[in-house]
Amino acid sequence: MKNNCSPQKVEPGTMTVALLLLTVLLVPLTPTDAETPQEKGLAIAQEAWNRDRGYGDQVAELVMILRNRNNDEMRRELRIKTLEGENDAIRALVIFDTPMDVRGTALLTYSYKDKPDEQWLFIPSVNRVKRITGSGQSGPFMGSEFAFEDMGSQRVEKFTYKYLGEETLDGTPCHKLERYPENKESGYSKQEAWLDQEHLRVLKVDYYDKKGELLKTLTISGYQQYLERHWRPARMEMVNHQSGKSTVLEWKNIQFKTGLTERDFDQNALKNAR
Amino acid sequence: MTRTLSRTHDSHLFIRRVLLLIAAWVCLIPAAFAGEWQGNLSLEGNVFPSSPYDPDQLGHASWSVSGEAEYAHEWPESKAQLVFTPYGRWDPYDEERTHLDIRKLYWMKASERYELRLGIQQVFWGVTESMHLVDIINQMDMADDISGDRKLGQPMANLTLVNPWGNLDFYVMPGFRRRTLSGEHGRFRTPVPVTHEHYYEADNESMHVDLAARYSHYFGSWDIAISQFSGTSRSPRFLPQVLGYTFPPEGTFSLSGANINNFWFDLFRALPGSKLAPYYDLINQTGVELQWTGEKLVWKFEGIWRSGEPRTYAAAVTGFEYPFNSIFKSTKDLYVFLEYIWDSRGRESYSLFQNDIFVGGRLAFNDTQSTTVQAGWIIDPESGGIVTSLQADRRLREDLKLAVELRMFSGISADSLLTFVRKDDLVRAELTWYF
């Protein structure tokens, strides 16, 4: 009579990652060669990725503030730990603290350069570690305006690119580029991203739905530099133009090189996360 | 060799006393360390549309309250943790459902190559959804919920060796936990009441030390585990007891699908003072868990080979899970499940399910209230019997959650072990407050 067909009564559903937003920081160089807009877009994205490499590990607390059309607010709190591995592999552990009914739920993701993510979900109510598929990328993360694919690592290989030119955003000289998701399951036809020319940090992204209509705008602010190298934002706001809802992500207590090892990112650690 | 039928419950009483003593001691711990308490309280209402099988059982409606708390303290430098989770339910309609249990009370220490846990724990093994065949460490709290998903805390020492080639887990489990079952006045019970006299094959009864080991690892898309358990079975057989005489476990008298509908059982049931006595065999069980996770499709398999109950048998569950994402251009995801349940004993199984098909679905709304709707059917193609389960969950407020559940037993044949719950269709609503 164990007929509950799936005990994961859990926010993230059986979906994807909440890898790191840290890799939202695409960044362009100032490429000088004569290249096609596609090559130039890719070069900028790759340079942004490369500049952020070498952080080792990172831990951070995250507060999500969900707002509906009537400005009613809801809070979600989580913690994210990340570990850089060999060959661009990234391991991430997300621990959910609120809402209280999902407290203790934890999601472990191994993301690779050249193969699909591997994911395990720990469901505390039944003490079960469940391997899950990476499907459902376009679905909302914890009921927010961020989709799972927005939360996941923004790897260079996940998109193809096109350089659109230079543009000034609120007085900051930026590169503007388009990126097209490689994943057929993506909820977007394309994204337009603005990166500041000096540090190659993403300041703004417009998301276009499958019909080509503007769906959401992400605004990233409060960048701070850590270890004299890695730029991290304090605030990310996603506004959904079609629904009128919005979500703010606030990053807190960001720490680097805390001494985490692969053992902090295995299935045993998933069970011990609290 | 004949097994002696001693029936002391002293040893079990002893375990209970020890557990209570530990609990009392542990209540002092929070005073010593700063830790964190959290928990929940639930109010449950039940409606049974049908009159019971036996007029002694509760009528059409009941309610109950339950609560669980968790205290956790972590020593990050030494990677150690202390966890304490007491649980309790009060049910004014069923004295067996009113109970206290220590779900968890353990100290844990982790290092690069091992993890050690001492105390009362909850351990889950398995991959499938409809049945948890391999899962054997913890006893089911069946009085609490017949789904079997709620488990009693199991005292143990558990060592995990973390190797590049997989995890090796060893378990030493002193102190057996008896299965909780609905009381005489509760629903979901056997046709004749169960006695409080429990019988064991082990000479030292519930003090028998059970042993288990498990290897688990993953290779790309594959997650695998192999386990071995040696000790007292978690699932009791039921021996008929008439006029103070208990039938021996060696006979063919234990309650199973093969005899539930025969003349002798009817006669037994008609005799005044007839009871069923739980009998726990010593068993060996080998379990295999396999899961292949594709980009969307998931294939799962669980199989066991069990000896000592008393005959040797095999059982397996296998099936698929598949997601339909963003259905109807919405943000909802639909997960579908299809599984097949097989038991080599067929009708002679003490298990409620053998050669059955499970079909299920789970609809996740992905909204801010985390609304989900689940449906599951276990179908016996031979008899046409169907067990239906529908469940809807929704967060009403940040600290309040509502679950509504419907369970139905239809077309259950008279010779199915499910026959005595066929009047126990249930509509349940549970409101949980988190603090």
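Residues numbered from 1 in each chain as written. Chains lettered and ligands numbered in written order. Predicted model: local features only at pLDDT ≥ 70, side-chain atom pairs only at ≥ 80, totals over all residues. Heavy atoms only, no water.

A. View of the overall build of chain A. Along the backbone of chain A there are three helices and 15 strands. Out of the 274 residues in chain A, the part that is buried amounts to 61%. Long-range pairs, those at least 24 residues apart, make up 52% of the contacts in chain A with a sequence separation of at least 6. Taken as a whole, chain A presents about 10,300 Å² of accessible surface, with 45% of it coming from carbon and sulfur. (Helix = DSSP H or I, 4+ residues; strand = E, 2+ residues; numbered from the N terminus. Buried < 20%, exposed > 50% of the residue type's maximum accessible area, 1.4 Å probe, protein only. Contact = heavy atoms within 4.5 Å. Areas by Shrake-Rupley, 256 points an atom, 1.4 Å probe, with all protein chains shown as cover.)

B. Structural context of the overall build of chain B. In terms of regular secondary structure, chain B is built from three helices and 22 strands. Here the contacts in chain B between residues at least 6 apart in sequence split such that 61% fall between residues at least 24 apart. Working note: accessible area of chain B is about 18,400 Å², and carbon and sulfur atoms make up 65% of it.

C. Representation of the interface of chain B and chain A in the model. In this assembly, 82 residues from chain B lie in contact with 50 residues from chain A. Measuring nitrogen to oxygen at the nearest pair gives 3.5 Å for the salt bridge that ties E185 of chain A to K296 of chain B. Sort the elements by how many residues they give to the side of chain B that touches chain A and strand β20 (residues 386-397) of chain B lands first, with five residues. (Salt bridge = Lys/Arg side-chain N within 4 Å of Asp/Glu carboxyl O.)

D. Representation of the pattern of salt bridges. Residues and elements named next belong to chain B. Per the stated rule, a full pass over the model turns up 56 salt bridges over all chains. D145 is the partner of R428 in a salt bridge, and the nearest nitrogen-oxygen pair spans 2.9 Å. With a gap of 283 residues between them, R428 in strand β22 (residues 426-434) and D145 in the loop between β5 (114-121) and β6 (154-163) connect regions that are remote in the sequence. Across the pair, D145 and R428 agree in class, each one buried. The network of salt bridges with shared partners includes E44, R89, D91, R97, D144, D145, R150, E405, R407 and R428.

E. Representation of the confidence of the model for chain B within the structure. Residue and element names in this part refer to chain B. Confidence along chain B averages 88 in pLDDT terms, with 87% of residues attaining 70 or more. Confidence drops under a pLDDT of 50 for residues 1-8, and excluding neighbours within four residues, the segment shows 22 contacts in the predicted structure. Taken over the whole predicted complex, pTM reads 0.87, whereas the ipTM for its chain interfaces reads 0.89. (pLDDT = per-residue confidence, 0-100.)

F. Region of interest: the pairing of strand β19 (residues 372-379) of chain B. Residues and elements named next belong to chain B. Pairing of strand β18 (residues 356-364) with β19 involves eight bridges; the strand directions are antiparallel. What sits directly across from A364, in β19, is T372. Sheet topology note: the β19/β20 ladder contains eight bridges and is antiparallel. In the strand pairing of β20, I379 is matched with I386. In this antiparallel pair of consecutive strands, β19 and β20, the connection spans six residues, and G384 shows a positive phi of 80°. (Pairing = 2+ DSSP bridges.)

G. Structural view of the confidence of the model for chain A. Averaged over chain A, the pLDDT score is 86; the fraction of residues at 70 or greater is 88%. Counting interchain partners and residues more than four positions distant, the pLDDT-below-50 stretch residues 1-29 of chain A has 174 contacts.

H. Representation of unusual backbone geometry within the structure. P99 of chain A follows T98 of chain A through a cis peptide bond whose omega is 0°. Position of P99 of chain A relative to the elements: it lies in the loop between β3 (90-98) and β4 (106-111). Backbone geometry at S326 of chain B places phi at a positive 50°, although glycine is not the residue there. Taking the relative accessible area as the measure of exposure, S326 of chain B reaches 24% and is therefore partly exposed. You will see that S370 of chain B, though not glycine, has its phi angle at about 50°, which is positive. Position of S370 of chain B among the secondary structure elements: in the loop between β18 and β19.

I. Representation of the packing of aromatic side chains within the structure. Applying the stated criterion across every chain yields a total of 24 aromatic pairs over all chains. Aromatic pair W120 of chain A and Y218 of chain B: ring centres 4.8 Å apart, planes at 75°, arrangement edge-to-face. Remark: Y218 of chain B occurs in strand β9 (residues 209-219) and W120 of chain A occurs in strand β5 (residues 118-123); the pair is interchain, linking two chains. Grouping residues by exposure puts W120 of chain A and Y218 of chain B together as buried. Each ring, one from F141 of chain A and one from F148 of chain A, has its centre 5.2 Å from the other, and the planes form 80°; the classification is edge-to-face. Taking relative accessible area as the criterion, F141 of chain A reaches 0% and is therefore assigned buried. (Phe/Tyr/Trp six-rings, centres within 6.5 Å; stacked < 30°, edge-to-face > 60°.)

J. Focus on the environment of G384 of chain B. In this structure, G384 of chain B sits in the loop between β19 and β20. Sequence separation between G384 of chain B and H60 of chain B is 324 residues, and the spatial gap between their C-alpha atoms is 26 Å.

K. Inspection of the sheet that holds strand β12 (residues 245-246) of chain B at higher detail. All names here are of chain B. A sheet is described by the order of its strands in space; here four strands give the open sequence β8-β13-β11-β12, paired in mixed fashion. Both outer strands of the open sheet, β8 (199-200) and β12, are each paired with one neighbouring strand and no more. Where strand β11 (residues 237-242) lies against β12, two bridges are found, and the strand directions are antiparallel. Within β12, the position partnered with Q241 by the bridge is T246.

L. Layout of the pairing of β4 of chain A. Residue and element names in this part refer to chain A. Most of β4 sits out of view: six of its six residues are buried. Burial of the side chains of β4 extends over both faces: A106, L108 and Y110 are buried on one face and L107, T109 and S111 on the other. As paired strands, β3 and β4 are joined by six bridges and run antiparallel to one another. Each residue of the ladder has a partner; that of R91, found in β4, is Y110.

M. Region of the structure containing helix α1 (residues 37-52) of chain A. Residues and elements named next belong to chain A. Helix length check: α1 (16 residues) gives 23 Å between terminal C-alpha atoms against 22 Å at 1.5 Å per residue, within 8%. Buried residues of α1: K40, G41, I44, A45, A48, W49 and D52, and no others. Where α1 is buried, its residues touch β2 (73-84), β3, β7 (159-169), β8 (172-181) and β13 (230-232). G54, located one to two residues past α1, shows a positive phi value of around 90°. (Expected span 1.5 Å × (residues − 1).)

N. Broad picture of the environment of D57 of chain A. All names here are of chain A. Take D57: it is sitting in strand β1 (residues 57-67). Judged by relative accessible area, which is 5%, D57 ranks as buried. Separated by 211 residues in the primary sequence, D57 and N268 have C-alpha atoms spaced 19 Å apart. Each residue touching D57, except ones within four places of it in the same chain, is listed here: T82, L83, Q255, F256, K257, T258, G259 and L260.

O. Expanded view of the side chain of K300 of chain B. Here K300 of chain B lies in strand β15 (residues 298-307). The residues touching K300 of chain B, leaving out its near neighbours within four places in the chain, are K130 of chain A together with V127, T128, E129, L290, Q291, V317, T318, G319, E321, F337 and E339 of chain B.

P. Highlighting a nonpolar patch on the surface. A cluster of nonpolar residues, L43, W63, V65, W90, Y93, L396 and L431 of chain B, forms a patch on the protein surface that exposes about 620 Å² of accessible area. Tracing the backbone through its elements, the reader meets L431 of chain B in strand β22. (Patch = residues over 30% accessible without salt bridge, like charges linked within 9 Å, V, L, I, M, F, W, Y side chains within 5 Å.)

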